[in-house]
Amino acid sequence: MLDNFYRGTVCIEDLEVGMSRHVEKVITDRDIELFAEVSTDRNPVHLDDAYAQDTIFEGRIAHGMLTAGLVSAVIGEQLPGHGTIYLSQSLKFLAPVRPNDIVRAEVTVAQIDYSKRRVTLDCLCLIDGKPVLKGEAIVLAPSKKFD
């Protein structure tokens, strides 16, 4: 996985609207198989080439939540990072992610409520610059006062 910033924590006191972080990851067959095992979602559109060929996708696709997990990786590791608590996440899946696609997951600070330590984050996943997922997360950010 490739990312643009160190892993760690950006406390609420240091967050600013417009701050952004990202990771890039090649989605492998192994990733899809492991996600199926962990999630118990063994839908053949993810695992069976012959079955998936006859779907609207005309081939296997990664689980949508596997892609969404990359957003979680950015939030939990970079922005705000370690100590962040998810409160909510909305997602819209715009296009399929296939084995061997390189997904770029980006998170950008949209709003900050310093008094409640709540941060609204715009979330976007892209393949070759084309959006495949978008959404919004609300998180409780770590604070220098408490953490």
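For the structure itself, consult the block above.
Residues numbered from 1 in each chain as written. Predicted model: local features only at pLDDT ≥ 70, side-chain atom pairs only at ≥ 80, totals over all residues. Heavy atoms only, no water.

### Looking at unusual backbone geometry
Moving on, step 1. Across the junction of L79 and P80, the peptide omega takes the value -5 degrees, indicating a cis bond.
Moving on, step 2. Within the fold, P80 resides in the loop between α4 (64-77) and β3 (85-93).
Moving on, step 3. Positive phi is not limited to glycine here, since R117 has a value of about 60 degrees.
Moving on, step 4. The residue R117 is located in the loop between β4 (102-113) and β5 (118-127) in this model.
Moving on, step 5. The backbone of D128 sits at a positive phi, close to 50 degrees, despite the residue not being glycine.
Moving on, step 6. The topology assignment puts D128 in the loop between β5 and β6 (130-140). (Helix = DSSP H or I, 4+ residues; strand = E, 2+ residues; numbered from the N terminus.)

### Points about the pattern of salt bridges
Moving on, step 1. Across all of its chains, the model carries six salt bridges by this definition.
Moving on, step 2. Taking the shortest distance from any N to any O, the salt bridge between R60 and D29 comes out at 2.3 Å. Of this pair, R60 sits in the loop between α3 (49-53) and α4 while D29 sits in helix α1 (residues 29-39); the two residues are 31 residues apart in sequence, bridging distant segments of the chain.
Moving on, step 3. The salt bridge partner of R60 is D49, with a shortest N-O separation of 2.8 Å. Note that R60 is positioned in the loop between α3 and α4 and D49 in helix α3, a separation of eleven residues in sequence.
Moving on, step 4. Accessibility expressed as a relative area gives 13% for R60, which makes it buried.
Moving on, step 5. It is possible to trace a salt-bridge network through shared partners that takes in E24, R104 and E106. (Salt bridge = Lys/Arg side-chain N within 4 Å of Asp/Glu carboxyl O. Buried < 20%, exposed > 50% of the residue type's maximum accessible area, 1.4 Å probe, protein only.)

### Overview of α1
Moving on, step 1. Those residues of α1 lying buried are D31, I32 and A36. Mapping the buried residues of α1 onto a view down its axis gives an arc of 135 degrees, with all of them on the same face. Every exposed residue of α1 that faces more than 90 degrees away from the buried side is listed here: R30, E37 and V38.
Moving on, step 2. Elements in contact with the buried residues of α1: β2 (20-26), α2 (44-47) and α4. (Arc of directions from axis to C-beta. Contact = heavy atoms within 4.5 Å.)

### Remarks on the side chain of T67
Moving on, step 1. With respect to the helices, strands and loops of the structure, T67 is situated in helix α4.
Moving on, step 2. Given the relative accessible area of 4%, T67 is considered buried.
Moving on, step 3. With residues near it in sequence (within four places) discarded, T67 still touches V97, V103, C125 and L133.

### A closer look at the nonpolar core
Moving on, step 1. Ranked by internal contacts, the top residues of the largest apolar core, which has 32 residues, are L15, I27, V71, I75, V109, V119 and L121.
Moving on, step 2. Going through the elements one at a time, α4, β4, β5 and β6 are the ones with two or more residues in this core.
Moving on, step 3. Counting residues per element, this core draws most heavily on α4, which supplies six residues.
Moving on, step 4. If near-sequence neighbours (up to four positions away) are discounted, L15 is found in contact with V10, L79, P80, V109, I112, Y114, V119 and A141. (Core = buried A, V, L, I, M, F, W, Y, C linked by side-chain atoms within 4.5 Å.)

### Details of the environment of I127
Moving on, step 1. Tracing the backbone through its elements, the reader meets I127 in strand β5.
Moving on, step 2. Residues contacting I127, with those up to four places away along its chain left out, are P96, V97, D101, I102, V103 and V132.

### Considerations on the environment of R117
Moving on, step 1. A relative accessible area of 18% places R117 in the buried class.
Moving on, step 2. Along the sequence, R117 and P142 sit 25 residues apart, while their C-alpha atoms lie 7.4 Å from each other.

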